[in-house]
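Below, each chain spelled out in residue letters.
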Amino acid sequence: GDSRLRMGCSMQPPSKTMNFTDLGLAEPLVRAVHAQGYDTPTPIQAQAIPALIKGNDLLGLAETGSGKTAAFALPLLSMLATNGTPRLPKSARALILAPTRELAIQIGDSMREYGKYLGLKYAMIYGGVGISPQVRTMQTGVDVLVATPGRLLDLMNNRAVKLDTVTHFVLDEADRMLDMGFIHDVRKIVAALPKVRQSL
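Just so it is clear, the structure is predicted and the values come from calculations on it, not from any experiment.

Draft legend 1. Summary view of the packing of helix α2 (residues 43-53) against helix α3 (residues 68-82). Relative to each other, α2 and α3 sit at 25 degrees, their axes nearing to 9 Å. Between α2 and α3, the angle falls in the class roughly parallel. As for how α2 packs across α3, the hand of that crossing is right-handed. Judged by residue contacts, Ile-44, Gln-45, Ala-48, Ile-49, Leu-52 and Ile-53 of α2 engage Lys-68, Ala-70, Ala-71, Phe-72, Leu-74, Pro-75 and Met-79 from α3. Considering only residue class, the contact of α2 with α3 consists of eleven nonpolar, one polar and one charged.

Draft legend 2. Up close: the environment of Arg-31. Its place among the elements puts Arg-31 in helix α1 (residues 27-35). Along the primary structure Arg-31 and Asp-175 are separated by 144 residues, whereas in three dimensions their C-alpha atoms are 33 Å apart.

Draft legend 3. Main features of the pattern of salt bridges. Summed over the entire model, instances satisfying the criterion amount to six salt bridges. Taking the shortest distance from any N to any O, the salt bridge between Asp-143 and Arg-93 comes out at 2.7 Å. Of the two residues, Asp-143 is situated in strand β5 (residues 142-147) and Arg-93 in strand β3 (residues 92-97); the sequence distance between them amounts to 50 residues. Per residue, the accessibility class of Asp-143 equals that of Arg-93, and both read buried. A salt bridge links Glu-113 to Lys-116; the shortest N-O distance between them is 3.2 Å. Each of Arg-87, Arg-93 and Asp-143 takes part in a single network of salt bridges with overlapping partners.

Draft legend 4. Representation of the pairing of strand β4 (residues 122-125). Here β4 shows no split at all, with Tyr-122 and Met-124 on one side and Ala-123 and Ile-125 on the other all buried. Note that β4 and β5 share four bridges and pair parallel. Counterpart to Ile-125 in the pairing with β5 is Ala-147. Handedness of the β-α-β unit built from β4, helix α5 (residues 132-138) and β5 comes out right-handed.

Draft legend 5. Fine view of the sheet that holds β4. Reading across from one edge, β4-β5-β3-β6-β7 is the order of the five strands in this open sheet, with parallel pairing throughout. Edge positions in the sheet fall to β4 and β7 (198-199), since each has one partner strand and no second. Running over the sheet, helix α4 (residues 101-114) touches β3, β4 and β5 and is turned about 175 degrees from β4.

Draft legend 6. Structural detail: the nonpolar core. Ranked by size, the top nonpolar core spans 38 residues in total, and within it Leu-74, Leu-77, Ile-96 and Met-111 carry the most contacts. Within the residue set of this core, elements represented by two or more residues are α1, α2, α3, β3, α4, β4 and β5. Among the elements that line this core, the one with the most residues is α3, at eight residues. Membership of the second largest hydrophobic core comes to 23 residues, among which are Ile-125, Met-138, Ala-160 and Val-161.

The rules behind these values
- Residues numbered from 1 in each chain as written.
- Predicted model: local features only at pLDDT ≥ 70, side-chain atom pairs only at ≥ 80, totals over all residues.
- Heavy atoms only, no water.
- Axes fitted to C-alpha atoms, helices over the stretch in contact; angles between N-to-C directions.
- Helix = DSSP H or I, 4+ residues; strand = E, 2+ residues; numbered from the N terminus.
- Parallel < 35°, antiparallel > 145°, perpendicular 65-115°, else oblique.
- Left-handed = near helix turned anticlockwise from the far one by under 90°.
- Contact = heavy atoms within 4.5 Å.
- Nonpolar A, V, L, I, M, F, W, Y, C, P; charged D, E, K, R; others polar.
- Salt bridge = Lys/Arg side-chain N within 4 Å of Asp/Glu carboxyl O.
- Buried < 20%, exposed > 50% of the residue type's maximum accessible area, 1.4 Å probe, protein only.
- Pairing = 2+ DSSP bridges.
- Right-handed = clockwise from strand over helix to strand, strands pointing away.
- Core = buried A, V, L, I, M, F, W, Y, C linked by side-chain atoms within 4.5 Å.

Written out as structure tokens, the structure reads:
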């Protein structure tokens, strides 16, 4: 929806008793998080996760190492797991844009790890490797697509990817994306997304 929440890094630490179950996440996600040794959410996770599960748009700011990836990945996976929208060919239900191949791989690995008990399908699309396997991966559609802007546009131009069913859109490291000159690519991608979506 249009409700936008701005979350800065001056967040109060969560109370000591708060845990991931309290945030409203699906049980298989809580299990996966605990398996990684995390028990208590960080400030950005404690404030972002409940807001995102409600469907709000959100702009989050926090320093490196504060758990930003989990702050958007966990509610995203929870919503995808509990909403039975089917996967469609060449389509994705959630799109995460990242500025670099390294970050795309890191986010994709985190999503798979957090979502390992959910049965969702993931794809990572980035340059520097052959395009054919990425085209094949997208043929049956995915739940979560993590991509760098340039390679995503290549696949869109080849009609190998459609964005008209995306319900959740994440622009990760937006400031770095702009510093690297991706603004025009990002605008083209956003123009292909549905108007009604959740934006992070």
